[in-house]
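Close look at the chain arrangement
Listed below are the residues making up each chain.
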Amino acid sequence: ILILQRLAFPHSALLGEIESGLGNEKVYRNLKRFPEARKIDRVAIFRIDAPLWFASSATFFRRVDSLLQDPEVDQVILDFSAVDFIDLAGMEQLEQIRILAARKHVGLIIASMKGPVRDTLMAYNKYLEDHNPGNELFPWLEEPGSIEDGARQNYMVATIQQAIASLAQKNTSEGQPKDIL
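Here's what I pulled together on the structure shown here.

Basis of the calculations
Numbering of residues starts from 1 in each chain and follows the order in which that chain's sequence is written. It should be noted that, the model being predicted, local features are given only for residues of pLDDT at least 70 and side-chain atom pairs only at 80 or more, the latter also being counted only at that level, while totals for whole chains, interfaces and linings use all residues. Where side-chain values are given, they derive from all heavy atoms of the structure, hydrogens and water being excluded. Secondary structure elements follow DSSP: runs of H or I no shorter than four residues count as helices, runs of E no shorter than two count as strands, and numbering proceeds from the N terminus. Note on exposure labels: buried denotes an accessible area under 20% of the residue type's maximum, exposed denotes more than 50%, and partly exposed covers the range between, all computed with a 1.4 Å probe on protein chains only. Residue contacts are defined here by distance: any two heavy atoms, one from each residue, within 4.5 Å place the two residues in contact. Expected span of a helix, by definition, is 1.5 Å for each gap between consecutive residues, and there is one gap fewer than residues. Think of a polar contact as two N or O atoms within 3.5 Å of one another; within protein, one of them needs to be a possible hydrogen donor and the other a possible acceptor, and neighboring residues in sequence only count if both atoms come from side chains. Definition used for salt bridges: Asp or Glu carboxyl oxygen within 4 Å of a side-chain nitrogen of Lys or Arg. At least two bridges found by DSSP between two strands are what make those strands a pair. Residues form patches when they are more than 30% accessible in relative terms and have no salt bridge. Like charges link within 9 Å. Nonpolar side chains (Val, Leu, Ile, Met, Phe, Trp, Tyr) link within 5 Å. Residue-level accessible areas treat just the shown protein chains as cover; the underlying method is Shrake-Rupley with a 1.4 Å probe. Throughout, an axis means a line fitted to C-alpha atoms (over the contacting stretch in the case of helices), and angles, computed between N-to-C directions, take values from 0 to 180 degrees. Orientation is classified from the angle alone, with under 35 degrees giving roughly parallel, over 145 giving roughly antiparallel, 65 to 115 giving roughly perpendicular, and any other angle giving oblique. With the far helix as reference, a near helix turned anticlockwise by less than a right angle produces a left-handed crossing, and one turned clockwise produces a right-handed crossing.

Focus on the overall build of the protein chain
From N to C terminus, the protein chain includes 5 helices and 6 strands. Reading the secondary structure of the protein chain in the N-to-C direction produces α-β-β-β-α-β-α-β-α-β-α. Among the 181 residues that make up the protein chain, the fraction classed as buried is 42%. Sequence separation of 24 or more characterises 65% of the internal contacts of the protein chain that already satisfy a separation of 6 or more.

Have a look at this one:
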């Protein structure tokens, strides 16, 4: 029973930023376990420590949905560093999260994705594009700072720090102070 509980209700964490001591490098750690971690204003960084599959996808959805309902959150970054597998149920929940985020006008970024998970999502993107042109789940963001002006978009990026840099660049170009993040 304990195994089933861990599969269906995996550990997750809200992350905060810590100086790494290596130049401008930052690390992102569980806010509950690292008191020195700093929450970034208006940004929720969420990590799930499990595969995103049929057993855990409903729990994942509920936890991210609670972040999207928070009026103090304008951007959700999903840290996928611990996600080593995603199935169709997980992709469908991710698509529902994307739709809900768009309705709430909350930006959504996936960061630190492992290669096999990225390959699966990119194949799903291709399937969506082939069957409904212009409807990719998450277009790939190549460089920090390349988030387009206008409506909030959904992206996949290589690292959390790249996501934060992209948001800072976007806010600076909109005339907002960089420290808004």
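Observations concerning helix H3 (residues 88-104)
Between its first and last C-alpha, H3 extends 24 Å over 17 residues, near the 24 Å set by a 1.5 Å rise per residue. The residue sitting at the N-terminus of H3 and contributing the capping side-chain oxygen is Asp 87; that oxygen lies 3.1 Å from the backbone nitrogen of Ala 89. Just past H3, the residue His 105 takes up positive phi, approximately 60°.

As for the pattern of salt bridges
The final tally for this structure, using the stated rule, is 7 salt bridges. The shortest N-O distance in the salt bridge between Glu 17 and Arg 38 comes to 2.7 Å. Within this pair, whereas Glu 17 is found in strand E1 (residues 12-19), its partner Arg 38 is found in the loop between strand E2 (26-30) and strand E3 (43-48), the two being separated by 21 residues in sequence. Note on Glu 17: relative accessible area 10%, which makes it buried. Residue Arg 38 is classed as partly exposed on the basis of its relative accessible area of 43%. Here Glu 95 makes a salt bridge to Arg 98, at a shortest N to O gap of 3.8 Å. One end of the pair is Glu 95 and the other is Arg 98, both in helix H3 and 3 residues apart, which spans about a single turn. When sorted by exposure, Glu 95 lands in the same class as Arg 98, which is buried.

Concerning the environment of Asp 70
With respect to the helices and strands, Asp 70 occurs in the loop between helix H2 (57-68) and strand E4 (75-79). Sequence spacing of Asp 70 and Arg 42 is 28 residues, and the spatial spacing of their C-alpha atoms is 9.5 Å. Within the local environment of Asp 70, its side chain forms a polar contact with the backbone nitrogen of Glu 72, the two atoms lying 2.8 Å apart.

Overview of the environment of Lys 104
Note on placement: Lys 104 falls in helix H3. The spatial distance from the C-alpha of Lys 104 to the C-alpha of Asp 74 is 8.9 Å, given a sequence separation of 30 residues. With residues up to four places along the chain from it excluded, the contact list for Lys 104 reads Leu 68 and Gln 69. Within the structure, Lys 104 has its side chain in polar contact with the side chain of Gln 69 (distance 3.0 Å).

Looking at the pairing of E2
Across 5 bridges, the pairing between E1 and E2 is antiparallel. Bridge pairing in E2 places Ile 18 opposite Val 27.

Here's the deal with a nonpolar patch on the surface
Taken together, the side chains of Ile 3, Leu 4 and Leu 7 define a hydrophobic patch exposed on the protein surface, amounting to about 310 Å² of accessible area. In this structure, Ile 3 sits in helix H1 (residues 2-8).

Thoughts on the packing of H2 against H3
Where H2 meets H3, the axes come as close as 10 Å, and the angle between the chain directions of the two elements is 15°. Our classification of the angle between H2 and H3 gives roughly parallel. Here H2 runs over H3; the crossing is right-handed. For the pair H2 and H3, the contacting residues are Ser 57, Ala 58, Phe 60, Phe 61, Val 64, Asp 65 and Leu 68 in the first and Ala 89, Gly 90, Gln 93, Leu 94, Gln 96, Ile 97, Leu 100, Ala 101 and Lys 104 in the second.

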